[in-house]
Amino acid sequence: MFADNPLLAQLKQQIKEKIPTKEGTIKATDKKFGFLEVDNKTSYFIPPPYMKKCMHGDRVVALIRTENDKEQAEPDQLLEQAVTRFIGRIKLFKGRLNVVPDQPQLRNLSLKAKTAKGLKHDMFAEGDWVVAQVIQHPLKGDAGFMVEITEKITDANDKIAPWWVTLAENDLPKTEPAGIEQWQLHDDADLVREDLTHIPFVTIDGESTKDMDDALYARKTENGQFELTIAIADPTAYITPDDEMDKVARERGFTIYLPGRNIPMLPRDLADNLCSLIQDQERVALCCTVTIDSDGTIQDDIRFFAANIKSHARLAYNYVSDYLETGTSEQWAPSDEIATVVNALSDMAKARSAWRETNAVIFPDRPDYRFELSDDNDVIAIHADMRRTANKLVEEAMITANICAGRVLSNKLGMGIFNTHAGLKDDKVNNVIDLVTEYGAQDFNAQNVTTLEGFTALRRWLNNQPTQYLDNRIRKHQSYGEMGNTPAPHFAMGLDIYATWTSPIRKYSDMVNHRLLKSIILDKAPVQTPDDEVGDELALHRKHHRMAERKVSDWLYARTLKKDVAAQTKFKAEIFDIGRGGMRVRLIENGAAAFIPNSLIMDNKERIESSTEQGTISIDKEQVYKLSDTVEIVLTDVDIDKRNIVGKPTDVFADLPAEEDQKQD
C-alpha cells in the first residue's frame, strides 16, 4: 500500500539528496564488482548488485555511501552511455534469447534480448555471433538492460568468424563494391596522353598480386645519373568526383588488408583488370619522370604527365631478388632489355637508400609476418618474410615518387593530401633530451630536436645504438602520423614533404592527389579539392583497418598456439612494452604478442618492480629485463575466446631470500 505513496517518495528523495555524490567512469572487473574512477588517484568500490545498473565505461553520477566505515559507490545518474552498439554471442536461457558482449570488461553480462524486425528467434543458436543495440538502460529509468539483435554475423563454429566478426565490430564492409556494366573513360578533353607503350616498363609484385598499380622504368645516363619514370594506374580516368563510385571509395578510404584476404576499395573488375598494369596490355596511367644523381639526390626536373603505357614484364619480388643478390634466378631469366632496366632500378635504389641513410631516416629491417591459410580457413603456417632487394627497390621508387608529388603539389597548389609527422610531443621534448644525454649524446637540445634536421639526426643516432632499448622508449614520446591538406614535414621519415599518389586503386587520398596533379598538368582549376574533413576521415579509416588486422591476427595466433601450452614449446621473444603489471613480448618466430605478468616472473610482488617510465623490470632493485631484450619463454595459457596469450620466462626467478639469490649468481 506504500508503493505509490507520494509522501514516502518525497522522504526517500530528501534522504537521497543528503548523500554525497561523485562523478566518474565505471571500471568493471571480471569478478562482477567494479570501481568508480573519479580521477587518476581516486576510485570507489562498487558492489556486484550495483554493477547490474551500469556497464564498463559509462560516465555516471554515483551516491557515495558509507558502510562499516568503508565508502562505496552506487551509480545513480547516467551522464554518458559507453556502449550502444556491440558484438556479442547468443546465450539461451530457458529458451529465451540473451546476448553476452564480446568485450573483455563486459563478458560477465548476459543481457536480455529481442530481435529486430525481419529477424526471427529460430534463426539463432547457442554461441552464434550477432550485432546488438542497447535499447534499455537501468540508469535511464528502465527496469533492466534490454538489447535488440540487429544482425546475425555467422554461426557459432564458423571458421571464418575471425574475419566476419572483426569487420562487423569495426563496422567495415565484408565485400568489394559492386562494379558497373561498362566503364567509360572520362578524361578532360584537353588532357593529352603521351604514348609510352614502347618503353619497357616492368611491374614487380607478389606472385599472387592482381591489382598491379605501379610500373617502373629507369635508365642510367653516361654521366652516372638515373632517369626514373614511375607509371601509376589511373582509376580517376574512369571515376569522376561526382560519381557514386567516388563516394563509395571515400566511405571506404582504403583497401582493407586482413590475414589471408583483402576487401578492395574499388570493384575488382576495375582494380584487378581494367586499371591493373597487366603485362602486354595497354593501360592509362599518370606518370612522373625525374633525374636522380649518382649520390641519390633528387633533381628539380620533376615532370608529371598522363600517358598510355604497357608493362613489358610482370616480375615477382623473390625471383628479382634472387637475380640481383646472386646473379641468377632458377625461376626467371630476363631478356637483355629487361635485365638492363632491372639493374638500373637496383642501382638507383641503392643510391636513394644511401642518401636517405645519410640525410633522412631509414627504418630498421623487421620481418612481415604472413599467415598461410587452408581452403577452410585453418592456419597452415606463419611465415616471417624479410624485405629483400626487390622489395627495397620498389620501396625506394615509391618514396621518390611521393616526394616528387609532395614538392609539386606544395609548390604549384599549396594543397593536397599530405602525410605528415610532427616529431616529438611538445611536453616530452625535455624527457627525451635528458634520456639521450644520460646515454652519451651531446649534440641534442630542446631547440634542435624540434626541427626536422635535428630530429632526423636524433633518429639516425638511435639507429646506430647497439640495441633498440632507447628507440623503444623514445617512440612513446613521438607524435602520431597524420594526413592533412596543408604541406608539412614528415619528421619520422626525415622528409620535408611527402604526399602519396602511388596507390590510387587502394587509397582514396591518392585518388584526390591524382586529380590535383592532373589539374597542374592541364593548368586548370582542380575538379576536386580536399576538404577539411577528408584527412580526419582517412585517419579514422586507417585506425579501424589496423585494429581489424591486429584483431584477426590475434585470433589466428590464439588458434594456432593453443597446442603449444601443453607441448611447453620454447620461443624466443623480444620485449616491446613494459607496464606496471608485467611485460609484453613478440615471438620472433611468428610475430604473436604475449603478456608475461610479474607474478610469473617472481611470485613475491614485494621484490619485483616494473617501471613503465624506465622500461625495465627489477628484482631487489636490480634490473633483470628491459625493453628490446630477447628472452626465452613458454606459453602458460592461450584463451581463444578472449584472444589472449600468456607466457612466462624459462628462467623464472625463485622466491629465495635476496642473499641466496646473490650467492647463486
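Residues numbered from 1 in each chain as written. Predicted model: local features only at pLDDT ≥ 70, side-chain atom pairs only at ≥ 80, totals over all residues. Heavy atoms only, no water.

### Side note on the overall build of the protein chain
A tally of helices and strands in the protein chain yields 15 helices and 29 strands. Considered along the principal axes of its C-alpha atoms, the protein chain spans approximately 100 × 70 × 50 Å. By residue count, 48% of the 665 residues in the protein chain fall in the buried class. A separation of at least 24 residues holds for 66% of the contacts in the protein chain among residues at least 6 apart in sequence. For the protein chain, the computed accessible surface area is about 33300 Å², with 46% contributed by carbon and sulfur atoms. Side chains of the protein chain give 83 positive and 107 negative charges; the mean places of these two sets differ by 6 Å. (Helix = DSSP H or I, 4+ residues; strand = E, 2+ residues; numbered from the N terminus. Buried < 20%, exposed > 50% of the residue type's maximum accessible area, 1.4 Å probe, protein only. Contact = heavy atoms within 4.5 Å. Areas by Shrake-Rupley, 256 points an atom, 1.4 Å probe, with all protein chains shown as cover. Lys, Arg positive; Asp, Glu negative; His and termini not counted. Charge placed at Lys NZ, Arg CZ, Asp CG, Glu CD.)

### Considerations on the environment of glutamate 613
Structurally, glutamate 613 is set in the loop between β25 (608–611) and β26 (616–619). Considered as a pair, glutamate 613 and histidine 383 are 230 residues apart in the sequence and their alpha carbons are 34 Å apart.

### Observations regarding the sheet that holds strand β27 (residues 622–626)
Here we have 3 strands laid out as an open sheet, ordered β25-β26-β27, and antiparallel in their pairing. Looking at which strands have only one partner, the edges of the open sheet turn out to be β25 and β27. On average, adjacent strands in this sheet sit at an angle of 25° to one another, irrespective of strand direction. Inspection of the sheet shows β26 paired to β27 by 4 bridges, in the antiparallel sense. (Pairing = 2+ DSSP bridges. Axes fitted to C-alpha atoms, helices over the stretch in contact; angles between N-to-C directions.)

### Examining the packing of helix α6 (residues 317–326) against helix α7 (residues 336–359)
For any two helices packed against each other, one specifies the crossing angle of their axes together with the interaxial distance. Here α6 crosses α7 at 75°, and the two axes come no closer than 11 Å. In terms of their interaxial angle, α6 and α7 are classed as roughly perpendicular. When α6 is examined against α7, the residues Val320, Tyr323 and Leu324 are found in contact with a partner set consisting of Ala339, Val342, Asn343 and Ser346. Among the residues forming the contact of α6 with α7, the class breakdown is 5 nonpolar, 2 polar and no charged. (Parallel < 35°, antiparallel > 145°, perpendicular 65-115°, else oblique. Nonpolar A, V, L, I, M, F, W, Y, C, P; charged D, E, K, R; others polar.)

### What to know about helix α4 (residues 244–252)
Listed in full, the buried residues belonging to α4 are Met245, Asp246, Val248, Ala249, Arg250 and Arg252. Glycine 253, located one to two residues past α4, shows a positive phi value of around 85°.

### Section: a negative patch on the surface
On the surface, Glu482, Asp532, Glu533 and Asp536 cluster together to form a negatively charged patch. By the secondary structure assignment, glutamate 533 is in the loop between α12 (508–522) and α13 (534–561). Take glutamate 533: its relative accessible area is 46%, and that puts it in the partly exposed class. (Patch = residues over 30% accessible without salt bridge, like charges linked within 9 Å, V, L, I, M, F, W, Y side chains within 5 Å. Salt bridge = Lys/Arg side-chain N within 4 Å of Asp/Glu carboxyl O.)

### Quick notes on the side chain of aspartate 293
Along the polypeptide, aspartate 293 turns up in the loop between β16 (282–292) and β17 (303–316). There is no salt bridge for the buried aspartate 293, and the closest opposite charge comes from arginine 352, which lies 9.6 Å off by N-O distance. Separated by 2.6 Å, the side chains of aspartate 293 and glutamine 225 make a polar contact. Excluding residues that lie within four positions of it along the chain, aspartate 293 makes contacts with Gln225, Phe226, Gln299 and Ala351. (Polar contact = N/O pair within 3.5 Å; in protein donor to acceptor, adjacent residues only side chain to side chain.)

### Description of unusual backbone geometry
Backbone geometry places lysine 32, a non-glycine residue, at a positive phi of 75°. By secondary structure assignment, the location of lysine 32 is in the loop between β1 (21–28) and β2 (34–37). With a phi angle near 55°, arginine 643 is a residue other than glycine that sits in the positive phi range. Note that arginine 643 resides in the loop between β28 (630–639) and β29 (644–649).

### Quick look at the UniProt feature "domain: S1 motif" (unreviewed entry) in the protein chain
The sites that carry the UniProt feature "domain: S1 motif" (unreviewed entry) are, in the present numbering, residues 568–650. This span, residues 568–650, is 0% helix and 60% strand, and a straight line between its end C-alpha atoms measures 10 Å. (UniProt positions renumbered as here; feature names shortened; annotations may be inferred.)

### Points about the state of the cysteines
Under the definition given, this model contains 0 disulfides. Between cysteine 404, a cysteine without a disulfide, and cysteine 288, which holds the nearest cysteine sulfur, the sulfur-to-sulfur distance is 4.3 Å. (Disulfide = S-S within 2.5 Å.)

### Regarding the pattern of salt bridges
Side chains that differ in charge, positive against negative, can pair when their charged atoms come close. Under the criterion given, the structure shown has 43 salt bridges. Linking aspartate 376 and lysine 159 is a salt bridge whose minimum nitrogen-to-oxygen distance equals 3.6 Å. With aspartate 376 in the loop between β18 (368–373) and β19 (379–385) and lysine 159 in the loop between β10 (146–154) and α3 (161–169), the pair connects residues that are 217 residues apart, well separated along the chain. With a closest N to O distance of 2.7 Å, arginine 193 and aspartate 187 form a salt bridge.

### Some thoughts on the nonpolar core
Counting residues in each nonpolar core, the largest one holds 86 residues, and the members touching the most others are Phe304, Ile309, Leu315, Leu345 and Trp501. At 12 residues, the largest contribution of residues to this core is made by helix α8 (residues 389–412). Apart from the residues within four sequence positions on either side, phenylalanine 304 is in contact with Cys287, Cys288, Ala401, Cys404, Ala405, Val408, Trp501, Leu517 and Ile521. Membership of the second largest hydrophobic core comes to 64 residues, among which are Ile160, Trp163, Tyr557 and Tyr625. (Core = buried A, V, L, I, M, F, W, Y, C linked by side-chain atoms within 4.5 Å.)

### Remarks on the packing of aromatic side chains
Counted under the stated rule, the structure contains 11 aromatic pairs. Feature note: the residues Phe33, Phe35 and Phe45 constitute an aromatic cluster, connected by ring pairs. Across the ring face of tryptophan 163, the terminal group of arginine 261 is positioned such that the distance to the ring centre comes to 4.7 Å. For arginine 261, the ring lying beneath its charged end belongs to tryptophan 164, and the centroid distance is 6.0 Å. (Phe/Tyr/Trp six-rings, centres within 6.5 Å; stacked < 30°, edge-to-face > 60°. Lys NZ or Arg CZ within 6 Å of the ring centre and 35° of its normal.)

### Let's talk about the sheet that holds strand β6 (residues 85–93)
Remark on secondary structure: sheet strands pair via backbone hydrogen bonds, oriented parallel or antiparallel. A barrel is described by the order of its strands in space; here 5 strands give the closed sequence β6-β7-β8-β10-β9, paired in mixed fashion. Each neighbouring strand pair of the sheet contributes to a mean axis angle of 55°, computed without reference to strand direction. As paired strands, strand β8 (residues 111–115) and β10 are joined by 3 bridges and run parallel to one another. The residue of β10 that forms the bridge with alanine 113 is valine 147.

### Things to note about α8
Between the first and last C-alpha of α8 there are 35 Å, a value that for 24 residues agrees with the 34 Å anticipated at 1.5 Å per step. Looking at the residues trailing α8, positive phi occurs at glycine 414, about 70°. (Expected span 1.5 Å × (residues − 1).)

### A look at the side chain of asparagine 402
Mapped onto the elements of the fold, asparagine 402 is located in helix α8. Look past the residues within four positions of asparagine 402 in its chain and what remains in contact with it is Tyr498, Ala499, Thr500, Trp501 and Thr502.

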